[in-house]
Amino acid sequence: SQQGEEDPQALSIQEGENATMNCSYKTSINNLQWYRQNSGRGLVHLILIRSNEREKHSGRLRVTLDTSKKSSSLLITASRAADTASYFCAPSGGYQKVTFGIGTKLQVIP
Amino acid sequence: EAQVTQNPRYLITVTGKKLTVTCSQNMNHEYMSWYRQDPGLGLRQIYYSMNVEVTDKGDVPEGYKVSRKEKRNFPLILESPSPNQTSLYFCASGGDGTYNEQFFGPGTRLTVL
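Residues numbered from 1 in each chain as written. Chains lettered and ligands numbered in written order. Predicted model: local features only at pLDDT ≥ 70, side-chain atom pairs only at ≥ 80, totals over all residues. Heavy atoms only, no water.

*Asks:* Mind showing me how you'd approach a nonpolar patch on the surface here?
*Replies:* All names here are of chain B. On the surface, a cluster of nonpolar side chains totalling about 320 Å² of accessible area is made up of I12, V14 and L113. Along the chain, I12 falls in strand β2 (residues 10-13). Its relative accessible area of 63% is what places I12 among the exposed residues. (Patch = residues over 30% accessible without salt bridge, like charges linked within 9 Å, V, L, I, M, F, W, Y side chains within 5 Å. Areas by Shrake-Rupley, 256 points an atom, 1.4 Å probe, with all protein chains shown as cover. Salt bridge = Lys/Arg side-chain N within 4 Å of Asp/Glu carboxyl O. Helix = DSSP H or I, 4+ residues; strand = E, 2+ residues; numbered from the N terminus. Buried < 20%, exposed > 50% of the residue type's maximum accessible area, 1.4 Å probe, protein only.)

Structure follows, in structure tokens:
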């Protein structure tokens, strides 16, 4: 199965600061997705970046992908208390077996 | 409203008592999947289904069964639950094609005593 490993496991920042979290994976992919999970709730899809893309933006989110290094990063700019959540990456070569990692737990302090 | 629903949301049961957690989606998705989430272990895939009557094991299928008789439903069956199956369970669905965005249900918190 394809699994992403997020780093760091926990991140605490002040409101207004930027938050950066990283994802590494091991196999070739078609795309990589990032999800957010508020405590105890289902995951919500944030953004998808295709393997032939290097950077993608969506609102305050910026995702980069380096397929040569098999890594991705998610940047949240001007963070808000409402961004407090866990963030997961999902490298995907097709559905088949998909395993999410432990995630990065982000705390944004007001 | 496009959604994935799970029932029940919370369940406390005893060892050995068969139970079923239902999952239903109204998006006509072909792909559906079950995950369990445990502290420090992330989300692990239990079973997935690429279409009606097509199911396959994920990473942690032991102790679980699934069926996919209709496109919209994908129930998770625990024939003889054990305490190590105490967990938070999520059902997800997704459309076909290259862009595999998954839509998750709200979760079912299961406690097996």
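Now that the structure has been shown, we can carry on.
*Asks:* I tried to follow the pairing of strand β7 (residues 55-58) of chain A on my own but got confused; where do I start?
*Replies:* Side-chain positions along a regular strand alternate between the two faces of the sheet. Residue and element names in this part refer to chain A. Two elements, β7 and strand β8 (residues 61-66), share four bridges in a ladder whose sense is antiparallel. Across the sheet, S58 pairs through a bridge with L61, a residue of β8. Here β7 folds back onto β8, and the loop between the two strands holds two residues, one of which, G59, carries a positive phi near 60°. (Pairing = 2+ DSSP bridges.)

*Asks:* So what exactly am I meant to see when it comes to the pairing of strand β6 (residues 54-57) of chain B here?
*Replies:* Residue and element names in this part refer to chain B. Strand direction decides the pairing type here: strand β5 (residues 42-51) and β6, joined by four bridges, are antiparallel. Bridge pairing in β6 places S49 opposite T55. Between β5 and β6, which pair antiparallel and follow one another directly, the connecting turn spans two residues, one of which, E53, has a positive phi of 65°.

*Asks:* Which parts of the structure should I look at to understand the interface of chain B and chain A?
*Replies:* It is common to report an interface's size as the accessible area lost on association of the parts. On the chain A side, the residues contacting the 28 residues of chain B number 24 residues. Counting each side, the surface lost to burial between chain B and chain A is near 2000 Å², with a carbon and sulfur contribution of 54%. Taken together, chain B and chain A are joined by zero salt bridges. Where chain B meets chain A, there are three residue pairs in polar contact (both at pLDDT 80 or more). At the level of secondary structure, the elements contributing two or more residues to the side of chain B that touches chain A comprise β4 (31-38), β5, β9 (87-94) and β10 (102-104) of chain B. Looking at which element gives the most residues to the side of chain B that touches chain A, the answer is β5(B), with six residues. Split into classes, the residues belonging to the side of chain B that touches chain A amount to 11 nonpolar, 11 polar and six charged. (Contact = heavy atoms within 4.5 Å. Buried area = accessible area lost by both parts, 1.4 Å probe. Polar contact = N/O pair within 3.5 Å; in protein donor to acceptor, adjacent residues only side chain to side chain. Nonpolar A, V, L, I, M, F, W, Y, C, P; charged D, E, K, R; others polar.)

*Asks:* Quick question: what am I supposed to make of the packing of aromatic side chains here?
*Replies:* By convention here, two paired aromatic rings are described through the distance between centres and the angle between planes. Taken as a whole, this structure holds nine aromatic pairs over all chains when the rule is applied. Arranged with centres 5.4 Å apart and planes meeting at 85°, the rings of A:Y35 and A:F100 form a pair that is edge-to-face. Pair noted here: A:Y35 is in strand β5 (residues 31-37) and A:F100 is in the loop between β11 (98-99) and β12 (104-109), with a separation of 65 residues, a long-range link. Looking at A:Y35, the relative accessible area reads 1%, which means it is buried. Overall, the relative accessible area of 0% leaves A:F100 in the buried class. For the ring pair B:Y35 and B:F104, a centre distance of 5.6 Å and an interplane angle of 35° mean the geometry is tilted. Remark: B:F104 occurs in strand β10 and B:Y35 occurs in strand β4; sequence separation between them is 69 residues. (Phe/Tyr/Trp six-rings, centres within 6.5 Å; stacked < 30°, edge-to-face > 60°.)

Take it as geometry only, folks, not as evidence of what the structure does.
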